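What the coordinates show
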Protein chains: 2
Amino acid sequence: MRLGDLQTPALVADRQGFDANVATMAARWPGAALRPHVKAFKSTALAAELVAAGHHAFCAATVREVLGMAAAGLGADLLLANEVPDPARLAPLGELVRTGAARVTVAVDGPETIAAAAAAGLREVFVDVNVGMPRCGCAPDRAGALATAAQQAGLTVRGTMGYEGHVVGIVDRDERAAGAGTAMRLLADAHAAVQAAGGGAICTGGGTGTWDCNDTVTELQAGSYVLMDTAYDALGLPFVPAVAVVGTVVSRDVGGGYAVADVGLKALAMDHGNPTIDGAAVWFCSDEHVTFSMRDGRPLPPVGGRVAVWPAHLDPTIAKHERIHVVDRIGRDVPVDLDADVLTTWPVDLRHW
Amino acid sequence: MRLGDLQTPALVADRQGFDANVATMAARWPGAALRPHVKAFKSTALAAELVAAGHHAFCAATVREVLGMAAAGLGADLLLANEVPDPARLAPLGELVRTGAARVTVAVDGPETIAAAAAAGLREVFVDVNVGMPRCGCAPDRAGALATAAQQAGLTVRGTMGYEGHVVGIVDRDERAAGAGTAMRLLADAHAAVQAAGGGAICTGGGTGTWDCNDTVTELQAGSYVLMDTAYDALGLPFVPAVAVVGTVVSRDVGGGYAVADVGLKALAMDHGNPTIDGAAVWFCSDEHVTFSMRDGRPLPPVGGRVAVWPAHLDPTIAKHERIHVVDRIGRDVPVDLDADVLTTWPVDLRHW
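Definitions and limits used
- Residues numbered from 1 in each chain as written.
- Chains lettered and ligands numbered in written order.
- Predicted model: local features only at pLDDT ≥ 70, side-chain atom pairs only at ≥ 80, totals over all residues.
- Heavy atoms only, no water.
- Helix = DSSP H or I, 4+ residues; strand = E, 2+ residues; numbered from the N terminus.
- Buried < 20%, exposed > 50% of the residue type's maximum accessible area, 1.4 Å probe, protein only.
- Pairing = 2+ DSSP bridges.
- Contact = heavy atoms within 4.5 Å.
- Buried area = accessible area lost by both parts, 1.4 Å probe.
- Salt bridge = Lys/Arg side-chain N within 4 Å of Asp/Glu carboxyl O.
- Polar contact = N/O pair within 3.5 Å; in protein donor to acceptor, adjacent residues only side chain to side chain.
- Axes fitted to C-alpha atoms, helices over the stretch in contact; angles between N-to-C directions.
- Parallel < 35°, antiparallel > 145°, perpendicular 65-115°, else oblique.
- Left-handed = near helix turned anticlockwise from the far one by under 90°.
- Phe/Tyr/Trp six-rings, centres within 6.5 Å; stacked < 30°, edge-to-face > 60°.
- Domains from an automatic or database assignment.

All names here are of chain B. Position of Ala234 among the secondary structure elements: in the loop between helix H8 (230-233) and strand S9 (243-252). By relative accessible area, which is 46% here, Ala234 ends up partly exposed. Remark: the alpha-carbon pair of Ala234 and Asp172, spanning 62 residues in sequence, is separated by 9.5 Å.

The structure is reproduced here in structure tokens:
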């Protein structure tokens, strides 16, 4: 199958870019030093590529991601890096542990999540610490007490988790590194308290944006680096954009002012703003369309031509699609090369909840 | 099943609100005067409710929506109100027409879409006119010539279509009505030209926002009114918000400053901004979470409590979910009433492309 044969809108990954991204990250965070976050790509087929690259431990954000990874035989070390206070919801994960089908660890940040984990039959947890972003995680000075409470509930504490999500997207590298440093000092102190309370040695956190300025964690939780997006690309990281939504031009202004392609709000995450089309100015997206004009006097693509639309935010964009088509290389021309071979297709099988 | 039994995040519709919205719209646009737009809700089960309310003709935005409606036996009069220039993509719709399995009409706005419709075996079209929004649709002064071209290609022109999407969301009612008036004068002139060229009498367009100020169209293409969203709710229309994403509080700031529920970017469309939680200030959404505080000294819900998160934009929110759970009434309290019965579940079966 060729790129030109795909029904649009089609989520397409660039094999060359993906391979380069995986290699760049693995050189700095090899093997178990990296715990890739499946929430970014929600595909066991893609995760299997990361196993082949040497990474056997994964993060997940949902119960369904953990169950899907285990069902795909990728359950060597799965961390639900999120809080679930409902024992019934966690019970299937406890069952994976009981039967030995997978190793599953969950994050806890308070008495409710500790109680739920224990009641669900889970055995291992990380103490999740808030290192500056108002989301989940306990106050740093409570981490030691929570480690004690978890152990009193019969749980093994593998270590400490903290995600500096409030700084990973800062464009200026020095400012980002400084923010990560502040956050990671909080994590290091909390981790010392967890260890003093009998917790384990693993310190887990970080992300794509702090891959080269987080020296605190013993394992990095990065996911976006595999395929990237335009928001992360603005940071000047050595990872290359490798995912786009390919669309068909379905209409054109007779006056030549703009063209309209069939890639809209339902095919793209918009929380980080408009997507990008090479050489074009994106005017706006609506449910099923993107309207754009070309810059610098370039010609508009014809009706029926295809364009690559680069998403601003990877994770929720991928979550809208059923599959990722992998081509050797996504061209950066408008219209795109229709003859590019589709090498394989990765189902986005970890979607929903 | 009760609301409290649903796994979260759960897309939930309010039966009382839905019924009221359907009745209000049907009183002004009864039966064939309304052509509900399935792109808003993407569910044949919901569409069947509208058939029961007297509406037998529907709009769709994708080929998949048309095929799904036909497969569900709801193909009495389906309009693909969108441009598809690829005959191969349209061929399954032509097959529906050939076999008499459904009546399918498509929008055309230029020679490419006319050629594609004819090549695919379709027989009926509307001439789609741009009435002010830079998206699809021909220039108004070309409508007559396109009607002629379509007939020369062997197609029957049922009439003229034009959507005033650039004005349907204007909050001020007078300004919205004035914008609709300007747009509809363009449509009326184009429609006269289409009819003079041998086209049919139907003039189709409009939406929820202009339901009471569009006197030009002979059938209204509204979809959002059935379940509404916070953006449309700001217009003061007589339709009530009837869809929310119910989430579980998974974490809480020890200091009581904020709570975090499991409804994030992947469960909500963000193109119209943050969602709303009754009595709360929404701080931000991330992939799987919404962080919020309570206003006016109200207590934060407990960890494990449930909250209703009201989306800013209906269509792309629903498109993220596999199903809509219908309850008698979504409470506006925080936390929500866990005892509300789930009356039925509507699969969101028209998703993707």
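Structure shown, so let's carry the discussion forward.
Residues and elements named next belong to chain A. Across the sheet, which stays open at both edges, the seven strands sit in the order S2-S3-S4-S5-S6-S7-S8 with parallel pairing between neighbours. Both outer strands of the open sheet, strand S2 (57-60) and strand S8 (219-220), are each paired with one neighbouring strand and no more. As judged from the five bridges shared by strand S5 (residues 124-128) and strand S6 (residues 156-162), these two strands associate in the parallel manner. By the bridge assignment for S6, Phe126 is matched with Gly159.

Before going further, it helps to spend a moment on the interface of chain B and chain A. Taken together, the contact between chain B and chain A spans 54 residues of the former and 54 residues of the latter. Between chain B and chain A, the buried area comes to about 4300 Å², and carbon and sulfur atoms account for 57% of it. At the junction of chain B and chain A, the tally comes to six salt bridges. Between chain B and chain A we count 26 residue pairs in polar contact (both at pLDDT 80 or more) in total. Taken together, the elements giving at least two residues each to the side of chain B that touches chain A come down to helix H3 (63-71), helix H5 (111-119), S9, strand S12 (280-286), strand S13 (289-294) and helix H9 (314-318) of chain B.

Of the consecutive residues Val334 of chain A and Pro335 of chain A, the connecting peptide bond is found in the cis state with omega at -10 degrees. Note on placement: Pro335 of chain A falls in the loop between strand S15 (323-327) and strand S16 (342-347). Cis geometry marks the peptide bond from Thr8 of chain B to Pro9 of chain B, where omega comes out at 0 degrees. Looking at where Pro9 of chain B falls in the secondary structure, it is placed in the segment before strand S1 (10-14). Phi at Asp296 of chain A is positive, roughly 55 degrees, even though this residue is not glycine. Take Asp296 of chain A: it is sitting in the loop between strand S13 (289-294) and strand S14 (306-310). Judged by its relative accessible area of 71%, Asp296 of chain A falls in the exposed class. Positive phi values are uncommon outside glycine, yet Met228 of chain B reaches one of about 65 degrees. Relative to the helices and strands, Met228 of chain B resides in the loop between strand S8 (219-220) and H8.

Moving on: the packing of helix H3 (residues 63-71) of chain A against helix H4 (residues 87-99) of chain A. Residues and elements named next belong to chain A. Interaxial distance between H3 and H4 falls to 10 Å at its minimum, and their mutual angle equals 25 degrees. With respect to each other, H3 and H4 are oriented roughly parallel. You can see that H3 and H4 cross each other, and the crossing is left-handed. Note on element contacts: H4 touches H3 through Arg89, Leu90, Pro92, Leu93 and Leu96, opposite Val63, Val66, Leu67 and Ala70.

Turning to the sheet that holds strand S6 (residues 156-162) of chain B, a few remarks are in order. Strand order in this open sheet of seven strands is S2-S3-S4-S5-S6-S7-S8 (chain B), and the pairing throughout is parallel. Each of the sheet's edge strands pairs with one partner strand only, and the pair in question is strand S2 (57-60) and S8 of chain B.

Moving on to the pairing of strand S15 (residues 323-327) of chain B. Residue and element names in this part refer to chain B. Counting buried residues along S15, four of its five residues qualify, which places the element largely inside the surrounding structure. Pairing between S1 and S15: three bridges, direction parallel. Among the inter-strand pairings, Asp14 is bridged to a residue of S15, identified as Val327. The pairing of S15 with strand S16 (residues 342-347) spans five bridges and is classified as antiparallel. Along S16, the bridge assignment pairs Ile324 with Trp346.

The subject of this paragraph is the packing of aromatic side chains. Any two aromatic rings considered together are summarised by their centre-to-centre distance and by the angle between their planes. All names here are of chain B. For the structure shown, the criterion picks out eight aromatic pairs over all chains. Consider the rings of Trp211 and Phe239, whose centres lie 4.9 Å apart with planes at 65 degrees: the pair is edge-to-face. A residue pair is termed long-range when its members are at least 10 positions apart, and Trp211 in the loop between strand S7 (202-205) and S8 and Phe239 in the loop between H8 and S9 qualify at 28 residues. The exposure class of Trp211 is buried, given its relative accessible area of 10%.

Going through the model one piece at a time under the given rule, you end up with 38 salt bridges over all chains. Salt-bridge contacts for Arg323 of chain A lead to Glu322 of chain A; the nearest nitrogen and oxygen are separated by 3.9 Å. With a relative accessible area of 37%, Arg323 of chain A lands in the partly exposed category. The residue Asp278 of chain B makes a salt bridge to Arg332 of chain B at a minimum N-O spacing of 2.8 Å. Of this pair, Asp278 of chain B sits in the loop between strand S11 (276-277) and S12 while Arg332 of chain B sits in the loop between S15 and S16, and the two are 54 residues apart along the sequence. The class for Asp278 of chain B is buried, based on a relative accessible area of 18%. Taken together, the shared-partner salt bridges connect Arg35, Asp77, Arg158 and Glu219 of chain A into one network.

Turning to the domain arrangement of chain A, a few remarks are in order. All names here are of chain A. Domain boundaries in chain A define domain 1 (3-10 + 238-347) and domain 2 (30-221). Relative placement of domain 1 and domain 2: their C-alpha centres are 34 Å apart. With nine residues of domain 1 at the contact, the number on the domain 2 side is ten residues. When domain 1 packs against domain 2, the two sides together hide about 800 Å² of surface, and 69% of this comes from carbon and sulfur. Contact with domain 2 buries area across many residues of domain 1, yet Phe239, Asp315 and Trp346 alone supply 56% of it, more than any other trio.

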